[in-house]
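This is what each chain is made of:
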Amino acid sequence: MAARGPNISNVPLTSARRVVLRGPGATELALTVNGQAVTVQVPPRRTLLDTLREALALTGTKKVCDEGTCGACTVLVDGRAIYSCMTLAVTCEGKRVETIEGLAKDGELHPVQRAFIDADAFQCGFCTPGQIMSIVALLRETPAPTEDDVRRAVAGNLCRCGAYPNIVSAGVNAGKRKR
Amino acid sequence: MNAFSYARPRTLADALRLLRNGAAALAGGTDLVGLMKDGLTRPTTLVDLTGIDGLRGWSHPKGRGIRIGALTPLVELETDQSLAKTMPILREALRDAATVQLRTMGTVGGNLLQRNRCWYFRDEGTPCWLKGGTRCFAVDGENRYHAIIGAQECVMVSPSDLVPALIAYDAEIALTSSRGQRSMKLIDLFVAPRGRERREHSLRPGELITEVRVPEAALARRGTYVKAMDRKAWSFALVSIAAAAKIERGVARDVRLVMGGIAPVPWRVIAAEKGLEGSPLDEAACADAADRMLTGATPLRDNGYKVTLARELVRRALRSLVA
């Protein structure tokens, strides 16, 4: 990010504009999910995770701890990996949301998905969508990651089966693979 | 989570007006959303601050110190190449803070104001003293992660990794409310809950942190952040320390030692720092500093290990400044 400094003194201290209050009931929300513009009706207290799974039937994003301590709900917002269980959907208005369902294109798996299969990078598979989204985010900034880069990128995604060594291999291999 | 109304104002003035009327401020949400899910706070209105221009990003006007906007995501401080040269301790402290997802979501201001992690506090059904109850359940309960020093009625510990690093560089914060602006030393933001003050921060109702400032003079210090965790990643500090000093001709000047995870506030002992003025930071000096940092420590049933750990981290951090 460019070093654009905070400019507190220029923040206007008076304003005649009225601020729109939404909720507490359902409110219309415009999101871009996997490249498609969608509109949902959700109350402000609804998390992005529940919105994806329930309002949009995108159940590839998993709900496990629902408190930001497991990483299974990892999705990308504006290209960066975040926990959708700790994100209110209403804060994502106008942002680009990407989930595991958006990775495969024209019947072809995404290179990271392919790499997970080739490296046998899962057992039960429940953490897998989150692991994959974290690595997808990593590869956009670091196209040829080291083992350590991958390890750090998935440090926020627990795998209770203990598939970590193969997850790390999959991440490194995906970096070598051409899209 | 309770139902609430939501607003995303574009100006600070609009945000402050809503806050004055009792709304809660939302930035990254990594702490607030959890507190709301657990029923520990039930705001009727949330003010999303992320739409406000001008509170995000950092700058370093030549010779005038570093200014960091309160809404800057932690990940930006962690990954910025030029900041890594000017103030490397920030990257060091943030690299092992939470996870990349949480550092992407979380902001500087939110990190400073995060609530403590005591499991009795975090459990909605436990009426602990800090939440208005009559007693602290940790003091004679499960207290492996709790305070060994500086605690009164509540034995929670200061959880932030960023805070000790910033305090070791004499950081100040700018605050704004609809009643005006003020600034204070960052360390003065933190209060040990006691008596009638059942709170962790001295932020006033309706007030926002807008900026963190690090004075230019402090940037001449060499600094390090050392954190001990239960596991290698994604843990709060058992004990942590930020150490900083100007090293001139092999001796230390302007030493700062700030510890996390051992007290309800970022733990600083002026006598320990003064005792190291002009010191070569040899083993004897480090041991003496550790003694002073931990004078009066009274560990609880399960956390005596923190005293040993804290001593070792003081030593390691100081030794690395002259390594």
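Conventions used here
Residues numbered from 1 in each chain as written. Chains lettered and ligands numbered in written order. Predicted model: local features only at pLDDT ≥ 70, side-chain atom pairs only at ≥ 80, totals over all residues. Heavy atoms only, no water. Helix = DSSP H or I, 4+ residues; strand = E, 2+ residues; numbered from the N terminus. Buried < 20%, exposed > 50% of the residue type's maximum accessible area, 1.4 Å probe, protein only. Contact = heavy atoms within 4.5 Å. Areas by Shrake-Rupley, 256 points an atom, 1.4 Å probe, with all protein chains shown as cover. Rg over C-alpha atoms; globule rule 2.2 N^0.38 Å. Lys, Arg positive; Asp, Glu negative; His and termini not counted. Charge placed at Lys NZ, Arg CZ, Asp CG, Glu CD. Polar contact = N/O pair within 3.5 Å; in protein donor to acceptor, adjacent residues only side chain to side chain. Buried area = accessible area lost by both parts, 1.4 Å probe. Salt bridge = Lys/Arg side-chain N within 4 Å of Asp/Glu carboxyl O. Nonpolar A, V, L, I, M, F, W, Y, C, P; charged D, E, K, R; others polar. Pairing = 2+ DSSP bridges. Phe/Tyr/Trp six-rings, centres within 6.5 Å; stacked < 30°, edge-to-face > 60°. Lys NZ or Arg CZ within 6 Å of the ring centre and 35° of its normal. Axes fitted to C-alpha atoms, helices over the stretch in contact; angles between N-to-C directions. Left-handed = near helix turned anticlockwise from the far one by under 90°. Patch = residues over 30% accessible without salt bridge, like charges linked within 9 Å, V, L, I, M, F, W, Y side chains within 5 Å.

Before we move on, could you go through the overall build of chain A and cite the residues and values that matter?
A count of helical and extended segments in chain A gives five helices and five strands. Tracing chain A from N to C terminus, the helices and strands come up as β-β-α-β-β-β-α-α-α-α. Counting only residues that meet the buried cut, chain A has 48% of its 179 residues in that class. For chain A, restricting intrachain contacts to residue pairs at least 6 apart in sequence, the fraction spanning at least 24 positions comes to 54%. Counting only carbon and sulfur atoms, one obtains 49% of the accessible surface of chain A, whose full area is about 8800 Å².

Could you give me a rundown of the overall build of chain B, with the residues and numbers involved?
Each helix and strand in chain B was counted, giving 12 helices and 11 strands. In terms of overall size, chain B behaves like a compact globule, its C-alpha atoms giving a radius of gyration of 19 Å where 323 residues would be expected to give roughly 20 Å. Expressed as lengths along the three principal axes of its C-alpha atoms, the size of chain B is roughly 60 × 50 × 35 Å. For chain B, the proportion of its 323 residues judged to be buried stands at 58%. In chain B, of all internal contacts separated by at least 6 residues, the share reaching a separation of at least 24 is 65%. Carbon and sulfur atoms provide 48% of the accessible area of chain B, an area that totals close to 12800 Å². Computed over 47 positive and 35 negative side-chain charges, the separation of the two mean positions in chain B equals 2 Å.

With reference to specific residues and values, describe the side chain of Thr87 of chain A.
Note that Thr87 of chain A resides in the loop between β4 (80-83) and β5 (96-98). Residue Thr87 of chain A is classed as buried on the basis of its relative accessible area of 9%. A polar side-chain atom of Thr87 of chain A sits 2.8 Å from the main-chain carbonyl oxygen of Tyr83 of chain A. Aside from chain neighbours lying at most four places away, what touches Thr87 of chain A is Thr47, Leu48, Ile82 and Cys92 of chain A together with Met105 of chain B.

So, the interface of chain A and chain B: which residues are in play, and what are the values?
At the junction of the two partners, chain A supplies 46 residues and chain B supplies 54 residues. Counting each side, the surface lost to burial between chain A and chain B is near 4000 Å², with a carbon and sulfur contribution of 62%. The interface formed by chain A and chain B holds two salt bridges in total. For Lys37 of chain B, the salt bridge is made with Asp66 of chain A, and the minimal N-O distance between the two is 2.9 Å. There are nine residue pairs in polar contact (both at pLDDT 80 or more) connecting chain A and chain B. Broken down by element, the side of chain A that touches chain B gets its largest block of residues, four residues, from β4 of chain A. Residue composition of the side of chain A that touches chain B, by class: 23 nonpolar, 15 polar and eight charged.

Provide a residue-level description of the pairing of strand β2 (residues 36-42) of chain A, including the pertinent values.
All names here are of chain A. As paired strands, strand β1 (residues 27-33) and β2 are joined by seven bridges and run antiparallel to one another. What sits directly across from Leu29, in β2, is Val40. As consecutive antiparallel partners, β1 and β2 are separated by two residues, and within that stretch Asn34 has a phi angle of approximately 50 degrees, a positive value.

I'd love a proper account of the packing of aromatic side chains, names of residues and values included.
According to the stated counting rule, one finds three aromatic pairs over all chains in the structure shown. Here the aromatic rings of Trp119 of chain B and Tyr145 of chain B are separated by 5.4 Å at their centres, their planes lie at 75 degrees, and the arrangement is edge-to-face. Within this pair, whereas Trp119 of chain B is found in helix α8 (residues 119-122), its partner Tyr145 of chain B is found in the loop between α8 and α9 (162-167), the two being separated by 26 residues in sequence. The partly exposed category is assigned to Trp119 of chain B, whose relative accessible area is 40%. When its relative accessible area of 30% is taken as the criterion, Tyr145 of chain B is described as partly exposed. Seen from the ring of Phe126 of chain A, Lys62 of chain A lies directly overhead, with NZ or CZ sitting 5.6 Å from the centre. Above the face of the Tyr305 of chain B ring, Arg144 of chain B is positioned so that its terminal group lies 5.0 Å from the ring centre.

A description of the packing of helix α3 (residues 128-141) of chain A against helix α5 (residues 164-176) of chain A should follow, citing residues and the corresponding values.
Residues and elements named next belong to chain A. Direction vectors running N to C along α3 and α5 enclose 35 degrees, while the axes themselves pass 11 Å from each other. The element α3 and its partner α5 pack so that their crossing is right-handed. Contacts between α3 and α5 pair Gln131, Ile135 and Leu139 from the former with Ile167, Gly171, Ala174 and Gly175 from the latter. The residue makeup of the contact of α3 with α5, split by class, is four nonpolar, three polar and no charged.

Residue-level account of a nonpolar patch on the surface, with values.
Residue and element names in this part refer to chain A. Together, Leu109, Ile117 and Phe122 give the surface a local cluster of nonpolar side chains, amounting to about 230 Å² of exposed area. Note on placement: Leu109 falls in the loop between β5 and α2 (111-118). Residue classification places Leu109 among the partly exposed residues on the basis of a relative accessible area of 35%.

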